[in-house]
Amino acid sequence: NCARCHGTAPGDKFSPVPGLAAFRVIANTPGMTGTAIAVWLRTPHKEMPNLVIETDDRADLIAYILSANGLPAGETPLRDDPDTLKEIRMDAGLP
């Protein structure tokens, strides 16, 4: 459950755990890509539990994290494949 450690609601600027990024911060990181989030989700971190996220769920989670930047979603559903994810860039910056 991401919400225990990360700010996951659309307006959250902070996470409930000091030192961990809210989804909004992640989505607004300059140069953030879908690939970067996919790698982050698959890479073990000391603070993060070893999560097993199914492919469809991972694509949904990446789309949700990226939606935290407030930009409108595209019309095509996000696919969890490297060629698609590397094309997605978020350069909006925090408002």
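All values derive from a computational prediction rather than experimental measurement.

## Here's the deal with the overall build of the protein
Regarding its fold elements, the protein presents four helices and two strands. Tracing the protein from N to C terminus, the helices and strands come up as α-β-α-α-α-β. When contacts within the protein are restricted to residue pairs at least 6 apart in sequence, long-range pairs at least 24 apart make up 50% of them. Roughly 6300 Å² of accessible area belongs to the protein as shown, and the carbon and sulfur atoms make up 57% of that amount.

## Regarding the nonpolar core
Core analysis: the biggest nonpolar cluster contains 13 residues, and F23, I26, I37, L41, I62 and I65 have the highest contact counts within it. Elements supplying a minimum of two residues to this core: α1 (23–27), α2 (34–42) and α3 (55–67). Ranked by residues supplied to this core, first place goes to α3 with four residues. Setting aside chain neighbours within four positions, we find I26 in contact with A21, M32, I37, W40 and I65.

## Considerations on a negative patch on the surface
On the surface, a cluster of negative charge is made up of E54, D56, D57 and D60. Among the structural elements, D56 can be located in helix α3. By relative accessible area, D56 is classed as exposed at 61%.

What counts and what doesn't
- Residues numbered from 1 in each chain as written.
- Predicted model: local features only at pLDDT ≥ 70, side-chain atom pairs only at ≥ 80, totals over all residues.
- Heavy atoms only, no water.
- Helix = DSSP H or I, 4+ residues; strand = E, 2+ residues; numbered from the N terminus.
- Contact = heavy atoms within 4.5 Å.
- Areas by Shrake-Rupley, 256 points an atom, 1.4 Å probe, with all protein chains shown as cover.
- Core = buried A, V, L, I, M, F, W, Y, C linked by side-chain atoms within 4.5 Å.
- Buried < 20%, exposed > 50% of the residue type's maximum accessible area, 1.4 Å probe, protein only.
- Patch = residues over 30% accessible without salt bridge, like charges linked within 9 Å, V, L, I, M, F, W, Y side chains within 5 Å.
- Salt bridge = Lys/Arg side-chain N within 4 Å of Asp/Glu carboxyl O.
- Lys, Arg positive; Asp, Glu negative; His and termini not counted.
- Charge placed at Lys NZ, Arg CZ, Asp CG, Glu CD.

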